[in-house]
Amino acid sequence: METEKVKCLIIGSGPAGYTAAIYAGRANLAPVLYEGLQPGGQLTQTTDVENFPGYPAGVQGPQLMEDLKAQAQRFGADMRFGVATAADLSEAPYRVTIDGEKTLEAETLIIATGATAKYLGLEDEKKYAGMGVSACATCDGFFYRKKVVAVVGGGDTACEEAIYLAGLASKVYLIVRKPYLRASRIMQERVLKHERIEVLFEHNAVGLYGDNGVEGVHLVRRMGEADEQRYDRAIDGFFLAIGHKPNSDIFKPWVKTDEVGYIMTEGDSPRTGIPGVFAAGDVADPHYRQAITAAASGCKAAIEAERYLSERGMV
Ligand code: NDP
């Protein structure tokens, strides 16, 4: 298999990966970045991004990612198509296989592979993607001011998103498949006593309808039971909050992960515990999952990589 040696290898092309590439490029680390399955990451699936500092009029998600990429290329980052398919982090240099056909030997590795929001798997989620279906209330909630929305899920994320949306929307339905919420007690209490949130326990969303974007949801109460009921509710927005899957599978044998698969780093640093291997962005962040927090952690990872290399006289 073809082998190539690099000083700084970045896997992933969301805000974390591109920001790491900007910093690593400016620090003369000649970073090589593999973009992964979805070049530009999750933000390429959103429309307006209004909360990334520096864009007073907002920016389209794909445009923001193009800008970050161009900025990294300006400093010599080598951007490549390709997906990391295997990793061996047993010793430096760290070996990462790309597309099963090429091996990179990296002195430092920045894992910025992101996370993927889970969807229910309904055809209508694809049909109305960007037209009323979202997996990020903080990104898209603003567009539903004084409107009616539904959030699916019963965990802390769903409760947080429902509360956030209830500050904007006129009404929030929380669609929960079980007869109880899984969220922490304090979040449950806040949801249950919120006047604009109505929790629909033992409900499943089975489809969406609407001629111009989402206009309603098909619901089933007590699905599969003798007293099952099917009915529709008019909504303008449909938010998924049923969990994220961090894209950490190939690194799991080497780095510490939590029970969901998020890479655990040391304190608020991007250090994984393996010298020279760092994790940045959503793959290591179960809590904030924002473009700006991902970018910040990519910056930290590149600074750490630069320090690691300079301490060893490699730059
Ligand atoms: P969780 O896995 O905790 O909850 C997922 C929710 O989605 C559950 O209610 C689950 O239902 C439901 N769900 C999953 N699949 C489906 C499906 N196919 N159809 C309908 N419902 C479905 O994920 P979260 O993202 O909420 O939280 C992840 C972790 O992050 C947790 O540990 C959480 O505590 C933590 N977190 C902490 C926060 C904080 O402290 N501020 C904020 C956000 C998250 P069911 O219960 O039936 O399985």
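*Asks:* Which parts of the structure should I look at to understand the state of the cysteines?
*Replies:* Here is the idea: a disulfide is a covalent bond, and it sits between the sulfur atoms of two cysteines. Enumeration over the complete set of coordinates arrives at 1 disulfide. Sulfur-sulfur distance for the disulfide between Cys136 and Cys139 comes to 2.0 Å. Its torsion about the S-S bond being 75°, the disulfide of Cys136 and Cys139 is classed as right-handed. Taking relative accessible area as the criterion, Cys139 reaches 25% and is therefore assigned partly exposed. In this model Cys8 remains outside any disulfide bridge; the closest cysteine sulfur is found in Cys299, 13 Å from its own.

*Asks:* Any chance you could explain the site of the ligand here in plain terms?
*Replies:* All residues adjacent to the ligand are Leu120, Gly153, Gly154, Gly155, Asp156, Thr157, Glu160, Arg177, Lys178, Arg182, Ile242 and Gly243. One of the side-chain N or O atoms of Arg182 is found 2.5 Å from an oxygen atom in the ligand. Compared with its free state, where it exposes 920 Å², the ligand has 72% of that area covered by protein. A per-class count over the shell around the ligand returns 2 nonpolar, 5 polar and 5 charged.

*Asks:* Any chance you could explain the packing of helix 1 (residues 15–26) against helix 7 (residues 291–311) here in plain terms?
*Replies:* Pairs of packed helices are described in terms of their axes, by the angle between the two and the distance that separates them. As a packed pair, helix 1 and helix 7 sit with axes 7 Å apart at the nearest point and diverge in direction by 35°. Crossing angle aside, the handedness with which helix 1 passes helix 7 is right-handed. Where helix 1 abuts helix 7, its residues Pro15, Ala16, Thr19, Ala20, Tyr23 and Ala24 lie against Ala291, Ala294, Ala295, Gly298, Cys299, Ala302 and Ile303. Per-class residue counts for the contact of helix 1 with helix 7 are 11 nonpolar, 2 polar and no charged.

*Asks:* Honestly, the pattern of salt bridges in this entry has me stumped. Any pointers?
*Replies:* Proximity of charged atoms lets side chains of opposite charge pair with each other. Applying the stated criterion across every chain yields a total of 19 salt bridges. Arg233 is the partner of Glu198 in a salt bridge, and the nearest nitrogen-oxygen pair spans 3.7 Å. Here Glu198, found in strand 13 (residues 197–200), pairs with Arg233, found in strand 16 (residues 229–234); they are 35 residues apart in sequence, far enough to count as distant. For Glu198, a relative accessible area of 28% gives the class partly exposed.

*Asks:* Is there a simple way to think about helix 2 (residues 61–74) in this case?
*Replies:* Side chains of residues three or four places apart in an α-helix project in the same direction, reflecting 3.6 residues per turn. Taking 1.5 Å of rise per residue, the 14 residues of helix 2 would be expected to cover 20 Å, and the 20 Å separating its terminal C-alpha atoms lies within 8% of that figure. For helix 2, the set of buried residues is Gly61, Leu64, Met65, Leu68, Lys69 and Ala72. End-on, the buried residues of helix 2 take up no more than an arc of 135°, which puts them together on one face. For helix 2, the elements touching its buried residues are helix 1, strand 3 (48–49), strand 4 (59–60) and strand 5 (78–80). Where helix 2 terminates, the next one or two residues include Gly76, which has phi positive at roughly 90°.

*Asks:* Help me out: how do you make sense of the pairing of strand 1 (residues 2–11) in this one?
*Replies:* For a regular strand, side chains alternate in direction, first toward one face of the sheet and then toward the other. One ladder, built from 9 bridges, connects strand 1 with strand 8 (residues 102–111); its direction is parallel. Bridge pairing links Glu2 to Lys102 in strand 8. Summarising the sheet, strand 1 and strand 2 (residues 32–34) pair through 3 bridges and their orientation is parallel. Bridge pairing in strand 2 places Ile10 opposite Leu33. Handedness of the crossover is the feature at issue here: the chain leaves strand 1, passes through helix 1, returns alongside strand 2, and the resulting connection is right-handed.

Conventions adopted
Residues numbered from 1 in each chain as written. Predicted model: local features only at pLDDT ≥ 70, side-chain atom pairs only at ≥ 80, totals over all residues. Heavy atoms only, no water. Disulfide = S-S within 2.5 Å. Buried < 20%, exposed > 50% of the residue type's maximum accessible area, 1.4 Å probe, protein only. Near = heavy atom within 4 Å. Polar contact = N/O pair within 3.5 Å; in protein donor to acceptor, adjacent residues only side chain to side chain. Areas by Shrake-Rupley, 256 points an atom, 1.4 Å probe, with all protein chains shown as cover. Nonpolar A, V, L, I, M, F, W, Y, C, P; charged D, E, K, R; others polar. Axes fitted to C-alpha atoms, helices over the stretch in contact; angles between N-to-C directions. Helix = DSSP H or I, 4+ residues; strand = E, 2+ residues; numbered from the N terminus. Left-handed = near helix turned anticlockwise from the far one by under 90°. Contact = heavy atoms within 4.5 Å. Salt bridge = Lys/Arg side-chain N within 4 Å of Asp/Glu carboxyl O. Expected span 1.5 Å × (residues − 1). Arc of directions from axis to C-beta. Pairing = 2+ DSSP bridges. Right-handed = clockwise from strand over helix to strand, strands pointing away.

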